[in-house]
Amino acid sequence: MSSVAEFSAWVDLEDEDQSNPECGAVAIGTEKLGFRSPSVEVTVPLSAVADVRVDYTPPELGPIPPGQVPITLVYAKSDDPVAATVAAERDVIRPLTIQVLERLLIGEPIRVKHPVRICDEDTSVSSERGILAPTDGVVHFRTDQDEKIDVSNILSFERPESSTTPQHLVRVTFVRQELQYQTDIQMTNRRAVSIFGRYLDIQTQLSRP
């Protein structure tokens, strides 16, 4: 598999015959993830990944060695959900997780109102079609205007749910030139919303002092 990045990590796969996590590698490609250890070698299409949970190990996997931070990926295999847990020191697991989440999100179709609000004033911008492309801490929308948000400027994000808001909406609050903005990003499904939320959460945690 031609990989974008490869990280050394502890690997434990639910559907493989492993008694304990083993030291191995995670290869992150443009379309696939690869998990490799002395006893297993598994390739998972990115399209099969349903969720990524940070700092979590399911009861059936582990134990993770002391000092290592786990993430668990849930993916479909023969229509059944299975889990893979990888773990590494914090300075490795953070870039690994961000790379995985960016690969999962790049190319997601969206509708975006950018910005929908400036300070306390609603804007008159129309919803535009775009393509999500988070790269190196910048969330690009790939609209005609190539709008974007730097994650270091994000204050918060939420999933507003009411009879007047569209389905699968993520509202991002951020600062630009000392003014507070809000942008509405409508995803296509719950999976995309969940993964985008994981990405924003870990990125905003990293940007805090």
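Residues numbered from 1 in each chain as written. Predicted model: local features only at pLDDT ≥ 70, side-chain atom pairs only at ≥ 80, totals over all residues. Heavy atoms only, no water.

**Quick look at the overall build of the protein chain**
Reasoning step 1: Along the protein chain, the regular secondary structure elements total 2 helices and 16 strands.
Reasoning step 2: Against the compact-globule benchmark of 17 Å for 209 residues, the protein chain has a radius of gyration of 18 Å, which places it among compact chains.
Reasoning step 3: Taking the principal axes of its C-alpha atoms as reference, the protein chain extends roughly 60 × 40 × 35 Å.
Reasoning step 4: Each of the 209 residues in the protein chain was classed as buried or not, and the buried ones make up 46%.
Reasoning step 5: In the protein chain, 47% of the contacts between residues at least 6 apart in sequence involve partners at least 24 apart. (Helix = DSSP H or I, 4+ residues; strand = E, 2+ residues; numbered from the N terminus. Rg over C-alpha atoms; globule rule 2.2 N^0.38 Å. Buried < 20%, exposed > 50% of the residue type's maximum accessible area, 1.4 Å probe, protein only. Contact = heavy atoms within 4.5 Å.)

**Side note on the confidence of the model for the protein chain**
Reasoning step 1: Mean pLDDT over the protein chain: 91, with 97% of residues reaching 70 or higher.
Reasoning step 2: Here helix α2 (residues 190-207) stands out as the least confident element of the protein chain, with mean pLDDT 87; strand β16 (residues 179-186) is the most confident, with 97. (pLDDT = per-residue confidence, 0-100.)

**Let's talk about the pattern of salt bridges**
Reasoning step 1: Per the counting criterion, the structure on display carries 7 salt bridges.
Reasoning step 2: The closest approach of N and O atoms between glutamate 6 and arginine 36, which form a salt bridge, is 3.0 Å. Note that glutamate 6 is positioned in strand β1 (residues 3-13) and arginine 36 in strand β3 (residues 32-36), a separation of 30 residues in sequence.
Reasoning step 3: The partly exposed category is assigned to glutamate 6, whose relative accessible area is 47%.
Reasoning step 4: Arginine 36 sits in the partly exposed class, given a relative accessible area of 34%.
Reasoning step 5: Salt-bridge contacts for arginine 142 lead to aspartate 146; the nearest nitrogen and oxygen are separated by 3.3 Å. (Salt bridge = Lys/Arg side-chain N within 4 Å of Asp/Glu carboxyl O.)

**Re the sheet that holds strand β13 (residues 148-150)**
Reasoning step 1: Taken in spatial order, the 3 strands make up an open sheet running β11-β12-β13, and their pairing is antiparallel. Lying at the two open borders of the sheet, with one neighbouring strand each, are β11 (133-135) and β13. Each strand axis lies, on average, 15° off the axis of its neighbour in the sheet, ignoring direction.
Reasoning step 2: Pairing geometry for β11 and strand β12 (residues 138-140), over 3 bridges, is antiparallel. Its bridge partner being in β12, alanine 133 is matched across the sheet by histidine 140. (Pairing = 2+ DSSP bridges. Axes fitted to C-alpha atoms, helices over the stretch in contact; angles between N-to-C directions.)

**Some words on helix α1 (residues 90-105)**
Reasoning step 1: Helix length check: α1, at 16 residues, gives a terminal C-alpha distance of 22 Å against a target of 22 Å (1.5 Å per residue), a fit within 8%.
Reasoning step 2: For α1, the full list of buried residues reads Ile93, Leu96, Thr97, Ile98, Val100, Leu101, Glu102, Leu104 and Leu105.
Reasoning step 3: A positive backbone phi angle near 95° is found at glycine 107, which sits one or two residues after α1. (Expected span 1.5 Å × (residues − 1).)

**A short note on the side chain of threonine 183**
Reasoning step 1: Assignment of secondary structure puts threonine 183 in strand β16.
Reasoning step 2: A residue is classified by how much of its surface remains accessible, and threonine 183, at 0% relative accessible area, is buried.
Reasoning step 3: Of the polar contacts made by the side chain of threonine 183, one reaches the side chain of histidine 114; its length is 2.6 Å.
Reasoning step 4: Setting aside its immediate chain neighbours within four residues, threonine 183 contacts Val112, Lys113, His114, Pro115, Val116, Phe141, Ile149, Val170, Arg171, Val172 and Phe174. (Polar contact = N/O pair within 3.5 Å; in protein donor to acceptor, adjacent residues only side chain to side chain.)

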